[in-house]
Amino acid sequence: MIRVDNVRFGYGNAALVLDGVSLSVAPGEMVALVGPSGCGKSTLLRLVAGLEVPSAGSVTRGEGAETGFVFQSPALLPWKKVRANVALPLELAGKPDTAAVQACLDAAGIGDLGDRYPASLSGGQAMRVSIARALVTAPDILLFDEPFAALDEIIRFHLNDLILGLKVSRKFASLFVTHSLYEAAYLADRILVMGKGRFLGQVVPGIDPALG
Ligand code: ADP
Ligand code: ADP
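Note that the coordinates shown come from a computational prediction; the quantities given were computed from them, not determined experimentally.

What to know about the packing of aromatic side chains
Move 1: Taken as a whole and judged by the stated rule, the model has 7 aromatic pairs.
Move 2: Judged by centre distance (5.0 Å) and plane angle (85 degrees), the rings of Phe9 and Tyr11 are edge-to-face.
Move 3: Here Phe9 falls in the buried class, since its relative accessible area comes to 4%.
Move 4: With a centroid separation of 6.0 Å and an interplanar angle of 65 degrees, the aromatic rings of Phe148 and Phe176 are classed as edge-to-face. Placement of Phe148 in the loop between strand E6 (141–145) and helix H5 (153–170) and of Phe176 in strand E7 (residues 173–177) is noted, with a sequence separation of 28 residues between them.

Listed below in C-alpha cells is the structure:
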C-alpha cells in the first residue's frame, strides 16, 4: 500500500534530509518510525503523503489510496461542533455522509460528543476527534506524527488501545512516528530505527523467546 524506493530529499538547496530511504507497508500493517529529533521522520511522512516530492527515488501508494494524517495538535476548528469538524474532509470532497461521521465518532469512542464544541473537550477527547476526522474518508493509509506526545500517560494508554483496535477493524496501512519505544513496541508490527537521513535497522517486537 505504501512503497518508498531509495528516496533522496532535501528542502530547497539545503543538505539532504533523506539519503536513500526504502520501505514498504502492507494493508493492515503498522510500522513505527523512531529516531532522534531532526533525523527526517516527519519529512518522510510528508513524502509518503505526497506533500513533498523526492529529488531521487520514488514513493508509490496503492491505486487511488486515500491518505489521512494525525498530528500532535488536533487542529480543530473552534467555531464548529465536533460533528462538523469530523465531517469536514467529506464536505471538502463534496461527499457529505452523516452516517459515516457518526460511525467514526463511535469508532473513536466519542459517539456522545458530536454536539460539543472543541473548547469544552479534554486533550484526550480532542485527539479522539482528530482521529475520527482522519477516519471519516475511510483512508487506506494513515500517517501518525507523534500524535500522543503531549498527552499524559494514562490517556496515552487508552489511545494506544484505540489505535490497535482501529488498525484491526479498519485495516489501514500506517506509519507511526513516536519517541516512545514502549509505544512503538506496543502498536507496531515492525519498528524502523532511523539515524540522520537513513534507516539503521529494523526491530520486530515479540515475546522474549526465553519466556515462551
Ligand atoms: P519534531 O522533532 O517534533 O519533528 P521539529 O522541530 O523537527 O519537530 O519540526 C517541527 C516543525 O517545524 C515541522 O513542521 C518541521 O517541518 C518544521 N521545521 C523544522 N525545521 C525547520 C526549518 N529548518 N525550517 C523550516 N521549518 C522547519
Ligand atoms: P524529525 O521529524 O525526525 O524530527 P524532520 O523531518 O522534522 O525530522 O526534520 C529533518 C531535517 O529537516 C531537520 O534538519 C529540519 O530542521 C529540516 N526541516 C524540516 N522541515 C523543514 C522545512 N520545511 N524547511 C527546511 N528544513 C526543514
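Back to the text.
Here we look at the sheet that holds strand E9 (residues 198–203)
Move 1: The sheet built from 6 strands is open, its strands ordered E5-E6-E7-E3-E8-E9 with mixed pairing. Strand pairing shows two members of the sheet lacking a second neighbour, strand E5 (67–71) and E9, which therefore form its edges. Averaged over all neighbouring strand pairs, the angle between strand axes comes to 20 degrees, with direction disregarded.
Move 2: Strand direction decides the pairing type here: E5 and E6, joined by 5 bridges, are parallel. Among the inter-strand pairings, Val70 is bridged to a residue of E6, identified as Phe144.
Move 3: Set on the sheet, helix H1 (residues 41–49) makes contact with strand E3 (30–34), E5, E6, E7, strand E8 (190–195) and E9; between it and E6 the angle comes to about 160 degrees.

Thoughts on the site of ligand 1
Move 1: Taken together, Ser37, Ser42 and Glu146 make up the full set of residues near ligand 1.
Move 2: In the environment of ligand 1, an oxygen atom lies 2.7 Å from a nitrogen or oxygen atom belonging to the side chain of Ser37.
Move 3: The separation between an oxygen atom of ligand 1 and a polar side-chain atom of Ser42 is 3.3 Å.
Move 4: Expressed as a share of its isolated accessible area of 560 Å², the protein-covered part of ligand 1 is 24%.

What about the pattern of salt bridges?
Move 1: Under the definition given, this model contains 8 salt bridges.
Move 2: Notably, a salt bridge pairs Asp19 with Arg8, separated by 2.4 Å at the nearest N-O pair. Linking Asp19 in strand E2 (residues 16–25) with Arg8 in strand E1 (residues 2–10), this pair joins segments that are 11 residues apart in sequence.
Move 3: Classification of Asp19 by relative accessible area gives partly exposed; the value is 25%.
Move 4: Between Asp189 and Lys167 there is a salt bridge, with its nearest N and O atoms 3.1 Å apart. A residue pair is termed long-range when its members are at least 10 positions apart, and Asp189 in the loop between helix H6 (181–187) and E8 and Lys167 in helix H5 qualify at 22 residues.
Move 5: Given the relative accessible area of 32%, Asp189 is considered partly exposed.
Move 6: Judged by its relative accessible area of 10%, Lys167 falls in the buried class.
Move 7: Beyond isolated ion pairs, a larger network of salt bridges with shared partners links Arg8, Asp19 and Arg198.

Re the sheet that holds E2
Move 1: Pairing is antiparallel across the open sheet formed by 3 strands, whose spatial order is E2-E1-E4. Edge positions in the sheet fall to E2 and strand E4 (56–61), since each has one partner strand and no second. Taken pair by pair, the neighbouring strands of this sheet meet at an average axis angle of 20 degrees, ignoring direction.
Move 2: By the bridge criterion, 5 bridges tie E1 to E4 in an arrangement that is antiparallel. Across the sheet, Arg3 pairs through a bridge with Thr60, a residue of E4.

Focus: the site of ligand 2
Move 1: In the neighbourhood of ligand 2, the contacting residues comprise Tyr11, Val17, Pro36, Ser37, Gly38, Cys39, Gly40, Lys41, Ser42 and Thr43.
Move 2: Within the contact set of ligand 2, a nitrogen atom lies 3.4 Å away from a side-chain nitrogen or oxygen of Tyr11.
Move 3: Within the side chain of Lys41, a nitrogen or oxygen atom sits 2.8 Å from an oxygen atom of ligand 2.
Move 4: Starting from 560 Å² of accessible surface for ligand 2 in isolation, the protein chains cover 55%.
Move 5: Per-element accounting of the shell around ligand 2 gives the leading share, 3 residues, to H1.
Move 6: Considering only residue class, the shell around ligand 2 consists of 4 nonpolar, 5 polar and 1 charged.

About the criteria used
Residues numbered from 1 in each chain as written. Chains lettered and ligands numbered in written order. Predicted model: local features only at pLDDT ≥ 70, side-chain atom pairs only at ≥ 80, totals over all residues. Heavy atoms only, no water. Phe/Tyr/Trp six-rings, centres within 6.5 Å; stacked < 30°, edge-to-face > 60°. Buried < 20%, exposed > 50% of the residue type's maximum accessible area, 1.4 Å probe, protein only. Helix = DSSP H or I, 4+ residues; strand = E, 2+ residues; numbered from the N terminus. Pairing = 2+ DSSP bridges. Axes fitted to C-alpha atoms, helices over the stretch in contact; angles between N-to-C directions. Contact = heavy atoms within 4.5 Å. Near = heavy atom within 4 Å. Polar contact = N/O pair within 3.5 Å; in protein donor to acceptor, adjacent residues only side chain to side chain. Areas by Shrake-Rupley, 256 points an atom, 1.4 Å probe, with all protein chains shown as cover. Salt bridge = Lys/Arg side-chain N within 4 Å of Asp/Glu carboxyl O. Nonpolar A, V, L, I, M, F, W, Y, C, P; charged D, E, K, R; others polar.

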